[in-house]
Amino acid sequence: MATPRVEFFFDLSSPWTYLAFTNLWPMLERTGQTAVLRPVLVGGVFNAVNPGVYAAREQSDNRKLQHSWKVLNDWAALAGVAMNFPSQWHPAKSVNAMRFCCVLEGNDAALRDFARAAFESYFGAQENLDDPEVLVAAAISVGLEGEALRQAAGSDEVKAQLRANTEELVARGGYGSPTIFVDGTDMYFGNDQLPLVEAALGRAKS
């Protein structure tokens, strides 16, 4: 099997990542490609290279931020997903959720299923993304062993893997979630750049 041309670095706490995740798969089907899912902790990325995100959130009169809520809901309607956001849990802690994802990294079908269920739990049902019980339930809902995932997610190995993934994204030039790489070095960011990803995949691999 050919190596996937697309890497999708993601954090479950981002609404724009939920949209990109939803829209990624039809695009891959159109292009005949597959993707590798790479869990990261977006807070670690922000702390390292993009701390301005936190300041922007505190600006109640930030017109761009205010308008982004409207655009977010427009995109959600277009993608056909429930976007009940922000909830009481915003901004969400995602470390537990992303450790669950790291346990599944390498099993892209299972990771895709779990991520979809966790996205729906947080953005659709407004459940607490950082609650292990919620994450276990999301895993069980897609046929995974939720309790086994919980146990594995607490291991030092998985914690180190999440840190390593996050550090790798920063080292490769990433500054948030979702970050998408085509053929290793061609970087894109966000749901709205998926058409550019599709165009890149239409070009011959160098």
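This text gives an overview of the structure that appears in the document. The structure presented is a predicted model; accordingly, all values stated were derived computationally and were not measured. The residue numbers shown here count from 1 along each chain, following its written sequence. This being a predicted model, a pLDDT of at least 70 is required before a residue's local features are given, and a value of 80 or more before pairs of side-chain atoms are given or counted; all residues contribute to the totals for chains, interfaces and linings. Excluded from the side-chain calculations are hydrogens and water; all other atoms, namely the structure's heavy atoms, are used.

This next bit is on the sheet that holds strand β2 (residues 35-39). Strand order across the open sheet formed by 4 strands is β2-β1-β3-β4, with mixed pairing between neighbours. A single partner strand is all that each edge strand has here, and the edge strands are β2 and β4 (186-189). Each strand axis lies, on average, 20° off the axis of its neighbour in the sheet, ignoring direction. The pairing criterion for strands is at least two bridges between them, as found by DSSP. Secondary structure elements are taken from DSSP: a helix is a run of H or I of four residues or more, a strand is a run of E of two residues or more, and numbering for both begins at the N terminus. Sheet analysis places strand β3 (residues 179-182) next to β4, joined by 4 bridges and oriented antiparallel. Looking at the pairing, Ile 180 lines up with Tyr 188 of β4. Note on geometry: axes are lines fitted to C-alpha atoms, helical ones only across the stretch in contact, with angles between N-to-C directions running from 0 to 180 degrees.

Moving on, we come to the nonpolar core. Nine residue types can take part in a nonpolar core, namely buried Ala, Val, Leu, Ile, Met, Phe, Trp, Tyr and Cys, and a core is a set of them joined through side-chain atoms within 4.5 Å. Only protein chains enter the accessibility calculation, which uses a 1.4 Å probe; a residue whose area is less than 20% of its type maximum is buried, one above 50% is exposed, and one in between is partly exposed. If you look at the biggest cluster of nonpolar residues, it comprises 53 residues, and the most contacted ones within it are Phe 10, Leu 12 and Phe 114. Counting 5 residues, the second largest nonpolar core, distinct from the first, contains Phe 9, Val 40, Val 45 and Leu 169.

Okay, helix α9 (residues 156-171) next. Take the residue count of a helix, subtract one, and multiply by 1.5 Å to get its expected span. The terminal C-alpha atoms of α9 lie 22 Å apart, and with 16 residues this matches the ideal 22 Å at 1.5 Å per residue to within 8%. Within α9 the residues assigned to the buried category are Val 158, Leu 162, Asn 165, Thr 166 and Leu 169. Viewed along the axis of α9, the buried residues span an arc of 95°, placing them on a single side of the element. In α9, the exposed positions angled more than 90 degrees off the buried face are occupied by Asp 156, Glu 157, Glu 167 and Ala 171. Close packing links the buried residues of α9 with β1 (6-10), β2, α2 (42-49), α5 (95-104), α8 (146-153) and β3. This arc corresponds to the set of directions leading from the helix axis out to the C-beta atoms. Only heavy atoms enter the contact rule, under which two residues are in contact if any of them lie within 4.5 Å.

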